[in-house]
Every structure is written in structure tokens, then in C-alpha cells.
Amino acid sequence: MKYKDLNIQTQREFPNNARTAGFGWLVRAGYLTRENQLLPLGELTISKLHAKRSADVLTLLPTLASENETFFPLDAERGLVEVIHCTACGYAERLELAQFKKMPFSTESPLPLEKVLTPDCPTIESLANFLNIPKEKTAKAVMYTRTSDNRFVFVVVRGDMQMSEAKLNAKRLVGDVRVATVEEITTAGAAAGYASPVGLNAKRALIVVDDLIPQSPNLAAGANEAGYHLLNTNCGRDYSPEIVADLVQTKEGDSCVKCGNPLSASSALNLATRSELHFENILLALAETHHDDKGLTLPKSAAPFDVYLMHVPGKQMDTRAKAEEIYNQLQAAGIRVLFDDRDERAGVKFNDADLIGCPLRITVGEKALQNGMVELKPRKEKENRLVLVDKLIEEL
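These lines cover the structure that appears in this document, whether it is placed above or below. Residue positions are given per chain, counted from 1 along the sequence in the order it is written. Confidence filtering applies because this is a predicted model: local features only for residues at pLDDT of at least 70, side-chain atom pairs given and counted only at 80 or more, and all residues used for totals across whole chains, interfaces and linings. To get the side-chain values, all heavy atoms of the structure are used, and hydrogens and water are removed first.

Focus on the overall build of the chain
Moving on, step 1. A run of H or I in DSSP counts as a helix once it spans at least four residues, and a run of E counts as a strand once it spans at least two, with each numbered from the N terminus. A count of helices and strands for the chain gives twelve helices and 18 strands.
Moving on, step 2. Here the C-alpha atoms of the chain give a radius of gyration of 31 Å, more than 25% beyond the 21 Å that 2.2 N^0.38 yields for 396 residues.
Moving on, step 3. Relative accessibility decides the category of a residue: with a 1.4 Å probe and only protein chains considered, values under 20% of the type maximum give buried, values over 50% give exposed, and everything between is partly exposed. Taking all 396 residues of the chain together, 50% fall into the buried category.
Moving on, step 4. Using a 1.4 Å probe, the Shrake-Rupley method yields the accessible areas, and only the shown protein chains count as cover for residues. If you sum the accessible surface of the chain, you get close to 19200 Å²; carbon and sulfur atoms cover 47% of it.
Moving on, step 5. Charged residues are defined here as Lys and Arg on the positive side and Asp and Glu on the negative side; His and the ends of the chain fall outside this count. All charge positions are set by atom: Lys at NZ, Arg at CZ, Asp at CG, Glu at CD. In the chain, 47 positive and 53 negative side-chain charges are present, and the distance between their average locations comes to 3 Å. Restricting the calculation to C-alpha atoms gives the radius of gyration, and the globule rule supplies 2.2 Å times the number of residues raised to the power 0.38.

Here is the structure:
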């Protein structure tokens, strides 16, 4: 295609709203608007990516992959997901679904249940401080109501951990739920801020516990009475859960479920699922990965064109006519070429060629043409070289 036909508008400076380097280069090179809308050059690039197999496209990028999704690590303000990953074995998953290797805090023998006064201790932090125990020795209650039948759902996780609703929902363990109201909590026999599964009617309450709870003896939990807690609650002895599953959120530094090494956390772009590629995110990831201080450096398999063809106006020779001839020859040979047919200064064209990032630039200039040659410069190399026009297709 020709430069004028695509109406490419490059920018001399980065946009003020450039949230990442890659986004800034895509705007400067005329692939995107400052409002993140695709321009014709960007649409053309995505069209080419559509034609590629997903495996080919994603191999051009450093990615993190779970069983169902592929991510690109990126530090930006919006449009991202949080991903937990292991640098040792490659395990990766969304933060809310990631697993980790859980370790019991203690292996002590069960102690007798004891009810104690705990005034003004409706939170795990206040309870741990009052009893002078670590949060790992407490049980946290999270209460829902199942929407299908209004059954009360009581979830227990260890006090130092965060419940992951995504895991509860993704595994379809209990069906659709909503947060229980104070009235529903009271009707079920529990007390907000002082709740535990001990003593609840199993027919009315569905008790669900994280899989670490059965391995956590003697936890402090609510007594289902305001101002009181129970010491030494033990799952299996004091209450029987109907469902035991992984229900807590992983955090950075936890041990990898696959290899045991510390896990890392990163912001990331979602590039693909099992059934879909997110091409606009892939375009941004390509720009983040493949650029230098002059512009984009896209690989051939991802660039909108294989060649950036330009002419430098001559004093004695019609360089544009020769460039047009070469343009037609390249097209006939099946080479994707962008012909910069503008009557601009050479420096402007060189800068735009670097910005747009095609793998090769061919320059048709008078001096070289007088010897039957053109300049050939790979985008990533500093030096150019002269090639005979008659050998150009073969050289490419």
C-alpha cells in the first residue's frame, strides 16, 4: 500500500496520556489515536495478526500462561489483571484463582473448647490483639445466602488469609450467592462479628471450609454471641463441614503449589483464552516488547509490512518513478510493502520509517541509482548497504 492511501499521521512527541512506552510508540507511529482508537495502520496490523496462528503470535512475546489464559506482564494503570506466577517452574494464574502450597501453622493436639469474654473484638485483628495470639490461630467467618433456595452459607478460612469469592464461584461449589444480611445471620443462629460454625443447624446452614482448616487445630472463633469467642475450635470435632476446598487468595511470597519456590505478583495484559485472542492487547504487548529509542522494531511476522520503500527526490533522475517500478516488482513477488510516496525531506521519511518499524527499509536515491543500486537497511541494524536493483528481489 501507499503511505498517502493509509493517511498515516506520525507524531513528533509522545502523548501526555501515554500510560506505557509501547502505547506511546503506537500513537507516535500512527497505529493508535491518543484515545486508544485503532487507525488504519493499526487495523491493518491486527488484520495480519488475525491471519497468524495464535501460537505463532504469542511466541513473539514474553508471556505467562495458565491452563486457560495467556498474559503479558505490564506495569500500567488500567486494563490489567493481577497475576501470580513462579519464576522457577513457570506456574501462572490470575491472583484470585491462583493456588499455593499451604502449610499448617502448628501440629498440636486438640485442646478442650473454652468460651471466653472478648469485648469489642468483632474483627480478626482486634481479636488477635486482645487474646495475644497470631492471626494464624484464628478462624475467619464469611457468610452468604444462596440465591436459588435462600440457604445460609457459612465459609471458614484461617484468620490470616483472605477469602477468594472467585474460587467459590469458579468451582461452582455452592451455586450463586450474595452476602448475607444481618437478619439472615441472626436467623441462622450466628452473630455478626462473633460468628462460628459451632452449634449451627447443619440442615439450615451449609458449612464450607478452606482445605487448610481441617489441618489447623485449636483456632479461636466466634461463640455466636456478641462479646464472646471460643478458644480451641477444631474442624471435625466441633463442627462438620459439608464442603472442603481451596478457598483463599494467594499472595506474593507464598510457596508455589508446583515446586515450592516463592511466588511473584505482576500486573498483566490478558492476551488470550483457550477460545479467543485479544488482538488489541497483543498489539500493545508487541510494542512494549519490540521498540528502541527511535520507534517500533516489529518482527516480520507481526509487522504490517515487510518493507518500507521510500525515494529521495533527485536533481537529474526521477527517483519516484524508479521507486514506483520497484514497488510493483515487490508486490508481484509477494512482498508486503509500504511505499512512502510523499514529497517530503529524506530526514522526515527516515524518522517515520524508524517509527513505524517495518523490518527493512529500501531507499531509492539518485547517487545509488546512478550505479544501478538502492540502499537496503534492516530496522535493527545501524549500517545500510547497497544492493543492485536487478538483485533486489533475490536479496530480499
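On we go from here.
Considering unusual backbone geometry
Moving on, step 1. Not every positive phi belongs to a glycine, and asparagine 36 is a case in point at roughly 70°.
Moving on, step 2. Checked against the element boundaries, asparagine 36 lands in the loop between helix H2 (21-28) and helix H3 (40-51).
Moving on, step 3. Phi at aspartate 120 is positive, roughly 55°, even though this residue is not glycine.
Moving on, step 4. Inspection of the secondary structure puts aspartate 120 in the loop between strand E5 (114-117) and helix H5 (124-131).

Some details on the sheet that holds strand E1 (residues 64-65)
Moving on, step 1. The strand order across the open sheet formed by five strands is E1-E2-E13-E3-E4, and the pairing between neighbours is antiparallel. This sheet does not close on itself; its edge strands, each paired only once, are E1 and strand E4 (92-94).
Moving on, step 2. In the sheet, strand E3 (residues 81-85) pairs with E4 via three bridges, with the strands oriented antiparallel. Paired with histidine 85 across the two strands is alanine 92, which belongs to E4.
Moving on, step 3. The contact definition used throughout considers only heavy atoms, calling two residues in contact when any of these lie within 4.5 Å. All axes here are fitted lines through C-alpha atoms, helices being fitted over the stretch that makes contact, and every angle between N-to-C directions spans 0 to 180 degrees. Running at roughly 130° to strand E13 (residues 264-273), helix H8 (residues 279-289) makes contact with strand E2 (69-73) and E13 of the sheet. DSSP-based pairing: two strands are paired if at least 2 bridges between them are found.

Observations regarding the side chain of aspartate 254
Moving on, step 1. Position of aspartate 254 relative to the elements: it lies in the loop between strand E12 (243-245) and E13.
Moving on, step 2. A residue is classified by how much of its surface remains accessible, and aspartate 254, at 11% relative accessible area, is buried.
Moving on, step 3. Any N or O atom pair separated by 3.5 Å or less is treated as a polar contact, with the protein-specific requirement of one donor-capable and one acceptor-capable atom, and with residues adjacent in sequence counted only for side-chain atom pairs. Engagement of the side chain of aspartate 254 in a polar contact is seen with the backbone nitrogen of lysine 251, the distance being 2.9 Å.
Moving on, step 4. Residues in contact with aspartate 254, not counting those within four places in the same chain, are Phe100, Asn261, Pro262 and Leu263.

Quick look at the packing of H2 against H8
Moving on, step 1. As a packed pair, H2 and H8 sit with axes 7 Å apart at the nearest point and diverge in direction by 100°. Classed by the angle they form, the pair H2 and H8 counts as roughly perpendicular. Here Ala21, Gly22, Phe23 and Leu26 of H2 come into contact with H8, specifically with Leu283, Leu284, Ala287 and Glu288. Any angle that falls under 35 degrees is termed roughly parallel, while one over 145 is termed roughly antiparallel, one within 65 to 115 roughly perpendicular, and all others oblique.

Some details on helix H9 (residues 319-332)
Given 3.6 residues per helical turn, the α-helix brings residues three or four places apart onto the same face.
Moving on, step 1. Here H9 spans 20 Å end to end across 14 residues, near enough to the 20 Å set by a 1.5 Å rise per residue.
Moving on, step 2. Here the buried face of H9 lies against strand E14 (307-311), strand E15 (337-340), strand E16 (360-364), helix H11 (366-369), strand E17 (373-378) and helix H12 (392-395). By this rule the span expected of a helix is its residue count minus one, scaled by 1.5 Å.

Let's talk about the pairing of E3
Moving on, step 1. Counting buried positions along E3 gives four out of five residues, so the element sits mostly inside the fold.
Moving on, step 2. Pairing between E3 and E13: five bridges, direction antiparallel. Considered in E13, the bridge of histidine 85 is made with serine 264.
Moving on, step 3. Hairpin remark: E3 followed by E4, antiparallel, with six residues in the connecting loop; positive phi at glycine 90, about 95°.

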